[in-house]
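Below, each chain spelled out in residue letters.
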Amino acid sequence: MKKELTCIGCPMGCRITAEMEGDSVLRVEGFTCRVGERYAREELTNPRRVVTALCPVAGSRVPLAVKTSRPVDKRLIFDCLAAIAAHTAQPPIRMGDVIIRSVCGTDADVIATQHRPCL
């Protein structure tokens, strides 16, 4: 079976064609760099994404922008979003602070992407 992808690994946006047999990638064509080949193989066998969201902050109506420290399995995105929404961050918060460790049992932490001083 053939699958077509547009690589998001770099700004070139290569159109990639991959030949699959079951869950195995047999061949990848159309990439300009090795990033494209790696992207296609990972996207077809184990897709992962960095999750970005807004987290409630204690004593504030303004939520905190957060993201996962590394990509998580694409199937866990909505679970991660629910965990973030259910959590309340405690100020003071500095950019890079861990807000939730090992979100949803993954190897990714949820980290702050902005500062939030004491209220």
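Note: the structure precedes this text.
Residues numbered from 1 in each chain as written. Predicted model: local features only at pLDDT ≥ 70, side-chain atom pairs only at ≥ 80, totals over all residues. Heavy atoms only, no water.

(A) Looking closely at the pairing of strand 6 (residues 64-68). Of the two faces of strand 6, only one is covered, namely that formed by L64, V66 and T68; the face formed by A65 and K67 stays uncovered. In this structure, strand 5 (residues 52-55) lies alongside strand 6, joined through four bridges in antiparallel fashion. Bridged to A53 within strand 6 is V66. Strand direction decides the pairing type here: strand 6 and strand 9 (residues 110-112), joined by three bridges, are antiparallel. (Buried < 20%, exposed > 50% of the residue type's maximum accessible area, 1.4 Å probe, protein only. Helix = DSSP H or I, 4+ residues; strand = E, 2+ residues; numbered from the N terminus. Pairing = 2+ DSSP bridges.)

(B) Spatial organisation of the nonpolar core. The biggest cluster of nonpolar side chains holds 18 residues, and the ones touching the most others in it are L64, V66, I84, A89, I93, I99 and V110. Within the residue set of this core, elements represented by two or more residues are strand 5, strand 6, helix 2 (77-86), strand 8 (98-100) and strand 9. Ranked by residue count, the leading element in this core is helix 2, at three residues. The residues contacting V66, other than those within four sequence positions of it, are V51, T52, A53, C55, I84, I99, V110, I111, A112 and T113. Ranked by size, the runner-up nonpolar core spans 11 residues in total, among them L5, C14, Y39 and A40. (Core = buried A, V, L, I, M, F, W, Y, C linked by side-chain atoms within 4.5 Å. Contact = heavy atoms within 4.5 Å.)

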